[in-house]
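Letter by letter, the chains look like this.
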Amino acid sequence: MSSIVPAITPQPTFYGDYEKGEEPTNWIKNYLLSFPPSYTEAERISRFELQCAAASPIKAWFTMLTTTETALWATFAAAFKKCWPPPIQTTLTVAQKKDQIQSVVLTEEEIRVMVEEDRGREWGHIKWAMKIAHTALGFNDMQCHLLDVVLENMPEVLRDFLADNYSTWSDFETNVGKISGSKLLKAKQQLTTKKKLRDSGCSKTATPTPSQQTPQSTLAPPPYCYGYRYAPSNAVQPQQISQIPPNQPIQPTQPAPQPFTMMQTPQILQTPQAAALFNAPAPIN
């Protein structure tokens, strides 16, 4: 009577190029877990080639292995780790953790709205609370130290129904799930109405009519520009006009003397030489 050979669960084909989220360290662990305990190391190594994708980096690597590297699973695993080392675990700072928590966004439109999931339907705000809790627990935050960031970035509609402090993320998630859907819907409607009233109030801000506008100050007319020879001594200068109050009328000034023209009779200089010029000429003998 032949014994039943335990079945092997095939793993996804391995490429070794890190594409589409492929992680070599996780893949080879799952490969080992797929074998029953009765399989030997030689059988595990020989079946490894069946999991390699054709014309892939892992296929080229496997064909270049030496007999020493394929003799034992320990040497085989060491050669694999040399080409595909385990990922380095990065320790996030508090600021980086807060940034990742803030990236889990909930909009007002998603509150009290059914969201399709792989395993059914769920309210949008409840799904958001679950994701927030899982992200925070992934940061080893067991006492809700990142709660202040969550409360600051959630919509106002949901914030009014939550407490300021929670001891565990499970309590936070449970509280979000217990909020009445009708109360959330009523709060959303009230907030929408409040925003519309505020927006309409801003748009109705009256613009002042021409009669309500502040009258502009009356500017004095520009002064007459006299020549430097004919400017009267009592002419109003520009700096004097600018100092006159707007409501006070400008006092009239004396008329400026008329400039010299060619039509006026010139005055004759009364000198002895000038008088001799108009005498009759003496007769020539």
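Residues numbered from 1 in each chain as written. Predicted model: local features only at pLDDT ≥ 70, side-chain atom pairs only at ≥ 80, totals over all residues. Heavy atoms only, no water.

**A word on the overall build of the chain**
Piece 1. Counting secondary structure elements, the chain contains 12 helices and two strands.
Piece 2. Starting at the N terminus and walking to the C terminus, you meet the elements of the chain as α-α-α-α-α-β-β-α-α-α-α-α-α-α.
Piece 3. Across the 285 residues of the chain, 24% fall into the buried class.
Piece 4. By sequence separation, contacts in the chain at least 24 residues apart represent 56% of the contacts at least 6 residues apart.
Piece 5. Summed over its atoms, the accessible surface of the chain is roughly 21900 Å², and 56% of this surface lies on carbon and sulfur atoms. (Helix = DSSP H or I, 4+ residues; strand = E, 2+ residues; numbered from the N terminus. Buried < 20%, exposed > 50% of the residue type's maximum accessible area, 1.4 Å probe, protein only. Contact = heavy atoms within 4.5 Å. Areas by Shrake-Rupley, 256 points an atom, 1.4 Å probe, with all protein chains shown as cover.)

**Focus: unusual backbone geometry**
Residues apart from glycine generally show negative phi values, whereas peptide bonds are mostly found in trans.
Piece 1. Phi is positive for Tyr18, close to 65 degrees, though the residue is something other than glycine.
Piece 2. Secondary-structure assignment places Tyr18 in the segment before helix H1 (24-33).
Piece 3. With a phi angle near 65 degrees, Asn140 is a residue other than glycine that sits in the positive phi range.
Piece 4. With respect to the helices and strands, Asn140 occurs in the loop between helix H6 (124-138) and helix H7 (147-153).
Piece 5. Classification of Asn140 as exposed rests on a relative accessible area of 57%.

**Focus: the nonpolar core**
Piece 1. Residues Trp128, Leu158, Trp169 and Phe172 are the most contacted members of the largest nonpolar core, which totals 28 residues.
Piece 2. Of the residues forming this core, the biggest block, five residues, is contributed by H6.
Piece 3. The contacts of Phe172, once residues within four sequence positions are left out, are Trp128, Ala129, Ile132, Leu147, Val150, Met154, Leu162 and Tyr166.
Piece 4. Of all hydrophobic cores here, the second largest spans 19 residues; its members include Phe14, Tyr31, Tyr39 and Trp73. (Core = buried A, V, L, I, M, F, W, Y, C linked by side-chain atoms within 4.5 Å.)

**A word on the side chain of His125**
Piece 1. You can see His125 is positioned in helix H6.
Piece 2. The class for His125 is buried, based on a relative accessible area of 3%.
Piece 3. Once you skip the residues sitting within four places of it in the chain, His125 turns out to touch Leu106, Glu110, Ile111, Arg112, Leu158, Val176 and Leu184.

**Describing the packing of H1 against helix H2 (residues 41-48)**
Piece 1. It is the contact of H1 with H2, at a shortest axis distance of 11 Å, that shows an interaxial angle of 130 degrees. On the basis of their axis angle, the class for H1 and H2 is oblique. Two packed elements cross with a definite hand, and for H1 against H2 that hand is right-handed. Contacts between H1 and H2 involve Trp27, Tyr31 and Leu32 from the former and Arg44, Arg47 and Phe48 from the latter. (Axes fitted to C-alpha atoms, helices over the stretch in contact; angles between N-to-C directions. Parallel < 35°, antiparallel > 145°, perpendicular 65-115°, else oblique. Left-handed = near helix turned anticlockwise from the far one by under 90°.)

**Thoughts on the confidence of the model for the chain**
Piece 1. Confidence in the prediction of the chain, expressed as mean pLDDT, is 80, and 68% of residues score 70 or more.
Piece 2. Element-level mean pLDDT values for the chain span from 49 in helix H11 (residues 238-242) up to 96 in helix H4 (residues 73-83). (pLDDT = per-residue confidence, 0-100.)

**Thoughts on the environment of Tyr166**
Piece 1. Mapped onto the fold, Tyr166 is located in the loop between helix H8 (156-159) and helix H9 (169-178).
Piece 2. By relative accessible area, which is 12% here, Tyr166 ends up buried.
Piece 3. In this structure Tyr166 touches Gln143, Cys144, Leu147, Asp171, Phe172 and Asn175, once residues within four positions along its chain are discounted.
Piece 4. A distance of 3.0 Å separates a polar atom in the side chain of Tyr166 from the backbone nitrogen of Ala163.
Piece 5. Here Asn175 takes part through its side chain, which lies 2.3 Å from a polar atom of the side chain of Tyr166. (Polar contact = N/O pair within 3.5 Å; in protein donor to acceptor, adjacent residues only side chain to side chain.)

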